[in-house]
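Structural characterization, general
Okay, here's what each chain looks like letter by letter:
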Amino acid sequence: MGGCFSKPKPVELKIEVVLPEKERGKEELSASGKGSPRAYQGNGTARHFHTEERLPAPHPYPGAQDCVEAAICHVKDLENGQMREVELGWGKVLLVKDNGEFHALGHKCPHYGAPLVKGVLSRGRVRCPWHGACFNIGTGDLEDFPGLDSLHKFQALQLQRRTKVMAKCISPSAGHSSSTNVLIVGAGAAGLVCAETLRQEGFSDRIVLCTLDRHLPYDRPKLSKSLDAQPEQLALRPKEFFRAYGIEVLTEAQVVTVDVRNKKVVFKDGFKLEYSKLLLAPGSSPKMLSCKGKEVENVFTIRTPEDANRVVRLARGRNAVVVGAGFLGMEVAAYLTEKAHSVSVVELEETPFRRFLGERVGRALMKMFENNRVKFYMQTEVSELRAQEGKLKEVVLKSSKVVRADVCVVGIGAVPATGFLRQSSINLDSRGFIPVNKMMQTNVPGVFAAGDAVTFPLAWRNNRKVNIPHWQMAHAQGRVAAQNMLAQEAEISTVPYLWTAMFGRSLRYAGYGEGFDDVIIQGDLEELKFVAFYTKGDEVIAVASMNYDPIVSKVAEVLASGRAIRKREVELFVLHSKTGDMSWLTGKGS
């Protein structure tokens, strides 16, 4: 067929700089900001904050007027609702077409570097295929967690992340006074995100963040997945960040009393600090074994980088026993298989993850571990820890089995670290959790709570009060608490999302599956390429997958939109879908 066609003109995208000079100035310390460490006196002891004399390095951005133009595709090459990674010679960007408009963003999720082109585009945002973080395609802003940074908009060259412009602390008494505007107890994800959100929203008064840890806020979930990791590798923000934005961090600081009437907390060393607004994000404390010999050496819970590092050193070429086949225990067992001479797992249930993932998925994962030389002792408990010269040598089980052990890791759950609140008028439930409303408020005005130690109303499960100790959920709750400290009337509405990694394979999970009565599986459990839908009655309440991206992010996005997924829809999908087509989830299929 003959004919003459003119070559279509490619669309030209201007890749513009995100931070002009007037905003970049906000990112740097003023000339008067001196770098000497700040300290305050507490019961005669100088307590030092983590500060750094060195200023943050300037951003490696081009000048304010710089832009580059690149012809990357014809305007008709991309349909509405499509995403494409495009190469600009010096790096890639994510090109998105939505409602007839093009958007260019950083192509990797700032959290762990997932390719966003494999994610889910819905309702003006893209959701990460790995861990569920959501970014606004119009601005690049982070809208749901995990992670701390946003995407560059039209600036996706060397950097895939952007820290929002944040206010500085202008309080003249910061660092020296015995009062603060905002006090945050706990420096995990909830505490850190609360502090950052306050600064992002323009709050410029004093913020004090206190932690029992000796380290600045770090990526705690990574501890059990990478036991060799050093504190500096796990840090969520460098020291300079806290210095630059006036977020004071008190390490090894234990709060023992909260006096809500006088708005004052007392630390273990006797120091007193007054506050105007308080966030309680103390997290949880790991449960310990209560058996005979529980005091012997080389028995650990994984709570700090030092714990994790010591476990690896002791396990190298030796015998390791893990008590508990939940996420922490199984991640530790997987990591130690290449280090230890032997790895054994002791668990009360019939299969690992049984209550969380069900019998069939649990058994498939158990087989993967057995293929990697992990020995399981199921439906039993530890009755005694035996030592030689004070150091662990054997783990005795109630089944009468005796397992050789040079190091033991205990992962049998956790309890909320709220003992210091028992004498306060802040409500605790019978298990020690802090009940909050959708705005993360406790029963005491001006006192908020977030993270592993709270129960809160889960919006898409009819506001059922739940405790969800997930990293992503702690981020979201920290942000909502900060917004409500500023009277923005925000409500928690995020869909729970978690992940684990074992033997180089990732399992993703979204929803809240407690009380599921059926599991519908599509794919091949033996090959560990599957998606499992957890249902209660007629409704899907959770989903898990391995090697089936991006279905978990897709389901999370549907649940976040408020649409229920019916069991019948899933049954039809499993019955008829040989290709793994997921268009039914977004209503585009039949």
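Per chain, the residues get numbers from 1 upward, laid out in the order the sequence is written. With the structure being a predicted model, the display of local features is reserved for residues of pLDDT at least 70 and the display and counting of side-chain atom pairs for 80 or more, all residues being used for whole-chain, interface and lining totals. The side-chain figures draw on all heavy atoms in the structure; neither hydrogens nor water molecules are used.

Identification of the chain as Apoptosis-inducing factor 3 from Panthera pardus is taken from an unreviewed UniProt entry. Quoted verbatim from the Subcellular location (unreviewed entry) field of the UniProt record, the comment on the chain reads "Mitochondrion". UniProt positions are given in the numbering used here, feature names are shortened, and annotations may be inferred rather than shown by experiment. Word for word, the UniProt comment on the chain under Function (unreviewed entry) is "Induces apoptosis through a caspase dependent pathway. Reduces mitochondrial membrane potential."

Attention now goes to the overall build of the chain. Looking only at helices and strands, the chain features eleven helices and 36 strands. By the burial criterion, 55% of the 590 residues in the chain qualify as buried. For this analysis, residues touch if any pair of their heavy atoms sits within 4.5 Å. Considering only contacts in the chain between residues 6 or more positions apart, those separated by 24 or more positions represent 61%. Only carbon and sulfur atoms are counted for the fraction: they give 46% of the accessible area of the chain, which is about 26,300 Å². Secondary structure elements are defined from DSSP: runs of H or I of at least 4 residues count as helices, runs of E of at least 2 residues count as strands, and each element is numbered from the N terminus. Relative accessibility thresholds used throughout: buried, under 20% of the residue-type maximum; exposed, over 50%; partly exposed, between the two (1.4 Å probe, protein chains only). All accessible-area figures derive from a Shrake-Rupley calculation using a 1.4 Å probe, and residue coverage is judged against the displayed protein chains alone.

Right, let's get into the pairing of strand β23 (residues 382-388). Successive residues of a regular strand alternate their side chains across the two faces of the sheet. Alignment of β23 against strand β24 (residues 391-397), held across six bridges, turns out to be antiparallel. Bridge pairing in β24 links Gln 388 to Lys 391. The pairing criterion is simple: DSSP has to find at least two bridges between the two strands. Hairpin connection between β23 and β24: a loop of two residues separates the two successive antiparallel strands, and Glu 389 in this loop has a positive phi of roughly 55°.

Burial of nonpolar side chains together is a common tendency in soluble globular proteins. We define the nonpolar core as a collection of buried residues of types Ala, Val, Leu, Ile, Met, Phe, Trp, Tyr and Cys that are connected through side-chain atoms lying within 4.5 Å of one another. Grouped together as the largest cluster of nonpolar side chains are 106 residues, with contacts concentrated most on Val 258, Leu 280 and Phe 533. When residues in this core are grouped by element, the largest group, eight residues, is from helix α9 (residues 471-485). Phe 533 has contacts with Asp 518, Val 519, Ile 520, Val 540, Ala 542, Val 543, Ile 551, Val 555, Val 570, Phe 573 and Trp 584, leaving out every residue within four places of it along the chain. The next biggest cluster of nonpolar side chains, apart from the first, holds 50 residues, and it includes Leu 234, Phe 353, Val 409 and Leu 498.

Next up on the list: the pattern of salt bridges. Between Lys or Arg on one side and Asp or Glu on the other, a salt bridge is scored when a side-chain nitrogen of the former is within 4 Å of a carboxyl oxygen of the latter. Under the defined criterion, the tally for this structure stands at 29 salt bridges. Where Glu 85 meets Lys 92, a salt bridge forms, and the shortest distance between an N and an O atom there is 3.5 Å. Here Lys 92 falls in the partly exposed class, since its relative accessible area comes to 33%. Asp 538 is paired through a salt bridge with Arg 566; the nearest N and O atoms lie 3.7 Å apart. Of this pair, Asp 538 sits in the loop between β35 (529-536) and β36 (539-546) while Arg 566 sits in the loop between α10 (551-560) and α11 (567-576); the two residues are 28 residues apart in sequence, bridging distant segments of the chain. Under the relative-accessibility criterion, Arg 566 is labelled partly exposed at 36%. Among the charged side chains, a salt-bridge network with shared partners connects Arg 123, Arg 125, Arg 127, Glu 143 and Glu 557.

To get an axis, fit a line to the C-alpha atoms, keeping to the stretch in contact for a helix; angles then go from 0 to 180 degrees between the N-to-C directions. At their nearest, the axes of helix α2 (residues 189-200) and α9 sit 7 Å apart, and the two run at 40° to each other. Judged by the sense of rotation from one axis to the other, the crossing of α2 with α9 is right-handed. Between α2, through Ala 189, Ala 190, Val 193, Cys 194, Thr 197 and Leu 198, and α9, the contact on the second element is made entirely by Trp 471, Ala 474, His 475, Gly 478, Arg 479, Ala 482, Gln 483 and Met 485. Crossing handedness: left-handed means the near helix sits turned counterclockwise from the far one by under a right angle, and right-handed means the same turn made clockwise.

Working definition: the strands of a sheet are paired by backbone hydrogen bonds and lie parallel or antiparallel to each other. Strand order in this open sheet of three strands is β28-β30-β31, and the pairing throughout is mixed. Lying at the two open borders of the sheet, with one neighbouring strand each, are β28 (434-435) and β31 (464-466). With three bridges connecting them, strand β30 (residues 454-458) and β31 associate as antiparallel partners. Across the sheet, Pro 457 pairs through a bridge with Lys 465, a residue of β31.

Taken in spatial order, the three strands of this open sheet run β23-β24-β25, and their pairing is antiparallel. In this open sheet, the two edge strands, each paired with only one partner strand, are β23 and β25 (402-404). Averaged over all pairs of adjacent strands, the angle between strand axes in this sheet comes to 30°, irrespective of strand direction. Note: β24 against β25, three bridges, orientation antiparallel.

For every residue, the predictor assigns a confidence score, pLDDT, that lies between 0 and 100. Summary statistics for the chain give a mean pLDDT of 86 and a share of 83% for residues scoring 70 or more. Low pLDDT, under 50, characterises residues 1-66; the predicted model gives this stretch 134 contacts beyond four residues in sequence or across chains. Contacts from residues 155-159, a stretch scored under 50 in pLDDT, to residues over four places away or in other chains number 14 contacts.

Turning our eyes to something else, we now look at the environment of Met 330. Secondary-structure assignment places Met 330 in helix α6 (residues 327-336). Along the backbone, Met 330 and Met 502 are 172 residues apart, and their C-alpha atoms lie at a distance of 7.8 Å. The residues contacting Met 330, other than those within four sequence positions of it, are Gly 324, Ala 325, Pro 352, Phe 353, Phe 369, Phe 376 and Met 502.

Here we take up the environment of Ala 387. With respect to the helices and strands, the residue Ala 387 is situated in strand β23. Given a relative accessible area of 40%, Ala 387 falls into the partly exposed group. Linking Ala 387 and Ala 405, residues 18 residues apart in sequence, is a C-alpha distance of 9.5 Å. Beyond its immediate sequence surroundings of up to four residues, Ala 387 is in contact with Val 296, Leu 392 and Lys 393.

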